[in-house]
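The residues making up each chain are set out below.
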Amino acid sequence: MTIKVAINGYGNLGRAVERAVNTAEDMQAVAVFTRRDPKDLETAGTPVYSVSQMADFSGEVDVCICCGGSATDLRTQGPAAVKYFNTVDSFDTHADIPAYFADMDAAAKEAGHSALISTGWDPGLFSIARTLTEAVLPAGYTQTFWGRGVSQGHSDAIRRIEGVEGAVQYTVPNQAAIKAVESGENPQLSTADKHSRLCYVVAAEGADKERITREIKEMPKYFSDYETTVNFISAQELARDHAGMPHGGQVLRLGHTQEGVKHLVRFQLQLDSNPDFTGSMVAASARALVRLHQHGHRGAASVLDLPPAWYSPSSPEGLRAQLL
């Protein structure tokens, strides 16, 4: 079976998803939906249509991958797309996941579709790592560190501020906090203890930089809980020094199985391109969602609800022979 994929949105993530789908032997990108004029969008070969044409593809697409940002896009983009298709997205505002899940669950059930939310690497792969390590080592504690790297969601949130023409945000882990966890000290770490946020912003001519700085630092769920540094730079500096999108992080679980017997489990990623890796994970998740839907599921689901084998194009027999 060839899985027919639509891509909803064609920014950094949408382009990465297209590359991942084109690489997969069991997938085919059949449409890119955009809010822009389709004539102005050049893809790697996938036909482009307006988002207003989604209904025309109902029944012709196995899964639609929604590639909007979590700050504003996905809260409306997800429910709108799931009316016509099974959907996958990478919604990554952790505090809002329960509310977003409820919205997508209701919309998907009403339409008779399935929606896999919050895929990617965190939430996503890191969510799986936290769940498994805490199940294996129930006595212990878990800490997650991100970076140093570019957060697409946080960068997008800055770019939504009036007067901002371009921006990139780096999440910077606190190395002393990581060492404290590794040593078994069981530190009580606040959000600000674990990370800081470093922002590089291109302001429009005449824009109020003090207001922009204040809006960034006071933005709830993104910056207000962190030590945040805002640097204003030129568009040329942004293009020259911050064009790449590296990222990564690690999940640490320190547990014990008896007095004096400790175990440290580490799941770590080091990524040259955050959108490329996220796009690959989202594409694999699309495969898993199609299988979930084929098993009769309707409504929303998360990566924690799916068997690992469903993400792979290999057969169960092949997986048992090669990877088990």
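In this text the structure is predicted, and so the values were computed from the model without any measurement. (Residues numbered from 1 in each chain as written. Predicted model: local features only at pLDDT ≥ 70, side-chain atom pairs only at ≥ 80, totals over all residues. Heavy atoms only, no water.)

## Some points on the sheet that holds strand β13 (residues 261–271)
- Taking strand neighbours across the sheet as the criterion, the three strands line up as β7-β12-β13 in an open arrangement whose pairing is antiparallel. Every other strand in the sheet has two partners, leaving β7 (140–146) and β13 as the edge strands with one partner each. Between one strand axis and the next, the sheet turns by 10° as a mean value, whatever way the strands run.
- Looking at chain direction, β7 and strand β12 (residues 247–258) are connected through seven bridges and run antiparallel. Bridging across to β12, Trp 146 finds its partner in Gly 249.
- Sheet strands touched by helix α4 (residues 125–136): β7, β12 and β13. Its angle to β12, the strand with the most contacts, is close to 5°. (Pairing = 2+ DSSP bridges. Helix = DSSP H or I, 4+ residues; strand = E, 2+ residues; numbered from the N terminus. Axes fitted to C-alpha atoms, helices over the stretch in contact; angles between N-to-C directions. Contact = heavy atoms within 4.5 Å.)

## Focus: the sheet that holds strand β1 (residues 3–8)
- Judged by pairing direction, the sheet is parallel, and its seven strands sit side by side in the order β3-β2-β1-β4-β5-β6-β14 without closing on themselves. The sheet terminates laterally at β3 (48–50) and β14 (299–301), the two strands that pair on one side only. Strand after strand, the sheet turns through a mean of 25° between neighbouring axes, direction not considered.
- For strand β5 (residues 87–89) and strand β6 (residues 114–116), the ladder comprises two bridges, and the chain directions are parallel. When the bridges of β6 are listed, Thr 87 appears paired with Ala 115.
- With respect to the sheet, helix α3 (residues 97–111) is in contact with β5, β6 and β14, its orientation differing from that of β14 by roughly 140°.

## With respect to the side chain of Ser 302
- Tracing the chain through its elements places Ser 302 in the loop between β14 and α11 (316–322).
- Judged by relative accessible area, Ser 302 falls into the buried class, the value being 19%.
- Discounting residues that sit within four places of it in the chain, Ser 302 has contacts with Phe 101, Leu 116 and Ile 117. (Buried < 20%, exposed > 50% of the residue type's maximum accessible area, 1.4 Å probe, protein only.)

## Points about the UniProt feature "domain: Meso-diaminopimelate D-dehydrogenase C-terminal" (unreviewed entry) in the protein
- The sites that UniProt annotates as "domain: Meso-diaminopimelate D-dehydrogenase C-terminal" (unreviewed entry) are residues 120–273.
- Across residues 120–273 one finds 31% helix and 37% strand; the C-alpha atoms that close the span lie 13 Å apart. (UniProt positions renumbered as here; feature names shortened; annotations may be inferred.)

## Comments concerning the pattern of salt bridges
- All told, the structure shown has 15 salt bridges when counted by the stated rule.
- Lys 221 is paired through a salt bridge with Asp 96; the nearest N and O atoms lie 2.6 Å apart. Highlighted residues: Lys 221 in the loop between α8 (209–217) and β11 (227–232) and Asp 96 in the loop between β5 and α3, separated in sequence by 125 residues.
- Residue Arg 240 is joined to Asp 241 by a salt bridge in which the shortest nitrogen-to-oxygen separation is 2.8 Å.
- Sharing partners across several salt bridges, the network here consists of Arg 35, Asp 73, Asp 156 and Arg 160. (Salt bridge = Lys/Arg side-chain N within 4 Å of Asp/Glu carboxyl O.)

## A look at the UniProt feature "binding site: substrate" (unreviewed entry) in the protein
- Those residues carrying the UniProt feature "binding site: substrate" (unreviewed entry) are Trp 146, Thr 171, Arg 197, His 247 and Asn 274 in this numbering.
- Along the chain, Arg 197 turns up in strand β10 (residues 195–203).
- The class of Arg 197 is buried, set by a relative accessible area of 4%.
- For Arg 197, the contacting residues outside a window of four places in its chain are His 154, Gln 169, Tyr 170, Thr 171, Tyr 222, Phe 223, Tyr 226, Glu 227, Thr 228 and Thr 229.
- There is a polar contact of 2.9 Å between the side chain of Arg 197 and the side chain of Gln 169.
- Along the chain, Asn 274 falls in helix α10 (residues 274–294).
- Judged by its relative accessible area of 4%, Asn 274 falls in the buried class.
- For Asn 274, the contacting residues outside a window of four places in its chain are Trp 121, Val 150, Ser 151, Gln 152, Met 245 and His 247. (Polar contact = N/O pair within 3.5 Å; in protein donor to acceptor, adjacent residues only side chain to side chain.)

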